[in-house]
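A look at the structure
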Amino acid sequence: GTLRPISPWRWLFSVLVPLLIATQGFKKKSLDHSGALGGLVVGFILTVANYSFFTSLFVFFVTSSKLTKWKKDIKKQIDSEYKEGGQRNWVQVFCNGGVPTELAVLYMIENGPGEIPIDFSKQYTASWMCLSLLGALACSAGDTWASEIGSVMSKSKPRLITTWEKVPVGTNGAITLVGLLSSLLGGMAVGTAYFITQLIFVTDLEISAPQWPIVVFGAAAGLLGSIVDSYLGATMQYSGFDQNIGMVVNHQTKDSKHISGKPILDNNAVNLFSSIIIALVLPGVAWCFWPRG
């Protein structure tokens, strides 16, 4: 009985802006055909649900696309599966955006479209969903920032998260200090976008719980998401060093020497499971510490 109809402006914004971003992403080779269509669906649902969801997604997509192209000449030499511009397809879009999209739909069913303060004492379920969605996006951003920055900026050799052995750059589940710091900043960037949008669009902030913990939550989700992703990558994703091409490969070849992991999951599945784990676990932890209004 309290749900308001969606305004025509919100419909218009939710259609036009994701369409514009998906088209630009396709032109700049950040997305292929299927990725652009998938991105359009994800963008529309998140935008119509909550503008804070949209800005978080926007910051994740723009920063990830820019970082993928950054120092691409070095990345071509260390990544056997490097694609020009990133060219994410619908599977990659689904694995990074599927969990947030589902949560945005549940949020609309629970609360209706619109922005709300994150306040467990007044809006328990909706606040939980908002933090789950933010956690999933911050997790994806943290993982992307870690792999795109850590692989080219780290001076020290990466270490496998399970055994702490030094391994070649590009090994699944390998971490560096630069990568971990990058994942924290990636999550924080997404959290900051969410927080600023809250300040602009939420009307009853003065009688709600403080919103600044959103930034801290984003940073934590970025860092922990990257660690979960690395652990899954080290144990359930095959990494081998191919002597022929002098690079780490994600599948067995006749010239590859096994480094770590079993060939159970691919990179997309690891990303999906990481975001599910963070979306399920982290809001419960946040609930214990979140200030009450």
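Residues numbered from 1 in each chain as written. Predicted model: local features only at pLDDT ≥ 70, side-chain atom pairs only at ≥ 80, totals over all residues. Heavy atoms only, no water.

Our next topic: the sheet that holds strand S3 (residues 239-242). Consider a sheet: its strands pair through backbone hydrogen bonds, and that pairing is either parallel or antiparallel. Strand order in the open sheet formed by three strands is S4-S3-S5, and the pairing between neighbours is antiparallel. Looking at which strands have only one partner, the edges of the open sheet turn out to be strand S4 (247-249) and strand S5 (256-260). Along the sheet, successive strands turn relative to each other by an average axial angle of 35 degrees, direction set aside. Two strands pair when backbone bridges link them, and S3 and S5 are joined in this way by four bridges, in the antiparallel orientation. Bridged to Ser239 within S5 is Ser260. (Pairing = 2+ DSSP bridges. Helix = DSSP H or I, 4+ residues; strand = E, 2+ residues; numbered from the N terminus. Axes fitted to C-alpha atoms, helices over the stretch in contact; angles between N-to-C directions.)

Structurally, Ser239 can be placed in strand S3. Owing to a relative accessible area of 0%, Ser239 belongs among the buried residues under this scheme. (Buried < 20%, exposed > 50% of the residue type's maximum accessible area, 1.4 Å probe, protein only.)

A contiguous nonpolar patch, built from Phe273, Ile277, Leu280, Val281, Val285 and Phe289 and spanning about 600 Å² of accessible area, is present on the exposed surface. Structurally, the position occupied by Ile277 is in helix H9 (residues 267-289). Under the relative-accessibility criterion, Ile277 is labelled partly exposed at 34%. (Patch = residues over 30% accessible without salt bridge, like charges linked within 9 Å, V, L, I, M, F, W, Y side chains within 5 Å. Areas by Shrake-Rupley, 256 points an atom, 1.4 Å probe, with all protein chains shown as cover. Salt bridge = Lys/Arg side-chain N within 4 Å of Asp/Glu carboxyl O.)

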